[in-house]
Amino acid sequence: MDEFSELEFDLSKPIDEITNAYHRQQAIDQFAPRYEAKLVKSKNYKGFYRLGKMPDFDDKVEKYEGFVQRLAEDTYGDAEFPGWAFWVLFSPFIALFVVLLIFTAATLIPILIVAIPLYAFSHFASIYLYKGGFFPSKSLTVVEHLYVHSDGRVVVPIGGDLKPFSFEVDEKMKLVSHYHEGVWRSVSMVRRRRQYFQLKSTYHGRGRLDVRDVYTFLEGFGLRTEVRHTTSDSGGGGGGG
């Protein structure tokens, strides 16, 4: 009995339905990591929903990738690719990659020498401004999870030694969803140029991360919505609602 037999109880399916690659892939998808909206049980956030990555997200990723690897092994077997064939086919590409790497390093190093100190200064300046009572910068409001109350109160856990940023949803705010190459990347709540939060995906191992629960919950506040689509070659584009 292999790992996939353990799926029978969780999915309430007879084991004979999980014997081919298609049904196994369906079963695996049940364990895929998702961005969710769940009621918080801790006293500190009583009545709030946690939106985004759940505490067990990384464990789900590990389990999911293990199932996917086992499926690939069962599907394609242990066929080995001859070592000499690898070098014959890919040595020109490896040489080209090394040349491009050297050229890129020679070009980027001078830029990085200037850019890194400027970025560090900007980041620390944003932190000190927020500590001084100013609105947090966009870089500080990019998070993997946040807390939302059904009455419109939102708590954004900035992290580090900074206190969480909190605000109340109002009708002038807008929800902006960003998709890159058709894959969900983030959802933001904005008002003009001000970003209240950007709930961002950092896990790109699955084609389409399930964020319907998160978006449906936020959409329940009746805000205007906008969808932006970008591609690697265009760098822009979008639509609204």
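For the structure given in this document, a descriptive report is provided here. Bear in mind the structure is a predicted one, so any value in this text is a computation, not a measurement. (Residues numbered from 1 in each chain as written. Predicted model: local features only at pLDDT ≥ 70, side-chain atom pairs only at ≥ 80, totals over all residues. Heavy atoms only, no water.)

Digging into the nonpolar core
Threshold: Among buried residues, those of type Ala, Val, Leu, Ile, Met, Phe, Trp, Tyr and Cys that are joined through side-chain atoms within 4.5 Å constitute a nonpolar core. Summary of the burial criterion: residues with accessible area below 20% of their type's maximum are buried, those above 50% are exposed, and those between are partly exposed, where the area comes from a 1.4 Å probe applied to protein chains only. Runs of E in the DSSP output that reach at least two residues are strands. Runs of H or I that reach at least four are helices, and both are numbered from the N terminus. Contacts between residues were defined by any pair of non-hydrogen atoms, one from each residue, lying within 4.5 Å.
Core analysis: the largest hydrophobic core is formed by 37 residues, its most contacted members being Leu146, Val154, Phe167, Met189, Phe197, Leu199 and Leu218. For this core, the secondary-structure elements that each account for two or more residues are helix H3 (57-76), helix H4 (83-131), strand E4 (145-149), strand E5 (153-156), strand E6 (165-168), strand E8 (183-191), strand E9 (194-200) and helix H5 (212-219). The contact partners of Phe197, leaving out residues within four places of it in the chain, are Thr141, Leu146, Val154, Val156, Phe167, Val187, Ser188, Met189 and Leu218. Counting five residues, the second largest nonpolar core, distinct from the first, contains Tyr45, Phe48, Tyr147 and Val155.

Some thoughts on H5
Given 3.6 residues per turn, any residue in an α-helix points the same way as the ones three and four places further on. Our working definition: The directions from the helix axis to the C-beta atoms are what the arc is built from.
Taken as a whole, H5 has its buried residues at Val214, Tyr215 and Leu218. Buried residues of H5, seen end-on, are gathered within an arc of 90° and therefore sit on one face of the element. More than 90 degrees from the buried face of H5, the exposed residues found are Arg212 and Thr216.

Here's the deal with the pairing of strand E7 (residues 174-180)
The line we're drawing: Only when DSSP finds a minimum of two bridges between them are two strands counted as paired.
Here E7 pairs with E8 via seven bridges, running antiparallel. Across the sheet, the residue bridging to Tyr179 is Trp184, located in E8.

So, unusual backbone geometry
If you check the backbone angles, Glu181 has positive phi at about 55° while not being a glycine. With respect to the helices and strands, the residue Glu181 is situated in the loop between E7 and E8. On the basis of relative accessible area, Glu181 is assigned to the partly exposed category, the value being 44%. Of note, Arg192 is a non-glycine position whose phi angle comes to about 55°, a positive value. One can find Arg192 in the loop between E8 and E9.

A word on a nonpolar patch on the surface
The condition is simple: Grouping into patches uses exposed residues only, defined as over 30% relative accessible area, and leaves out salt-bridged ones; the cut-off is 9 Å for like charges and 5 Å for nonpolar side chains (Val, Leu, Ile, Met, Phe, Trp, Tyr). Values of accessible area rely on a 1.4 Å probe in the Shrake-Rupley scheme; residue burial ignores everything except the protein chains shown. Think of a salt bridge as a Lys or Arg side-chain nitrogen and an Asp or Glu carboxyl oxygen that are within 4 Å of each other.
There is a patch of nonpolar side chains on the surface, built from Leu89, Phe90, Phe93, Ile94, Phe97, Val98, Leu101 and Ile102 and spanning about 800 Å² of accessible area. Its location among the elements puts Val98 in helix H4. Take Val98: its relative accessible area is 41%, and that puts it in the partly exposed class.

Don't take any of this as a statement about function, it's just geometry.
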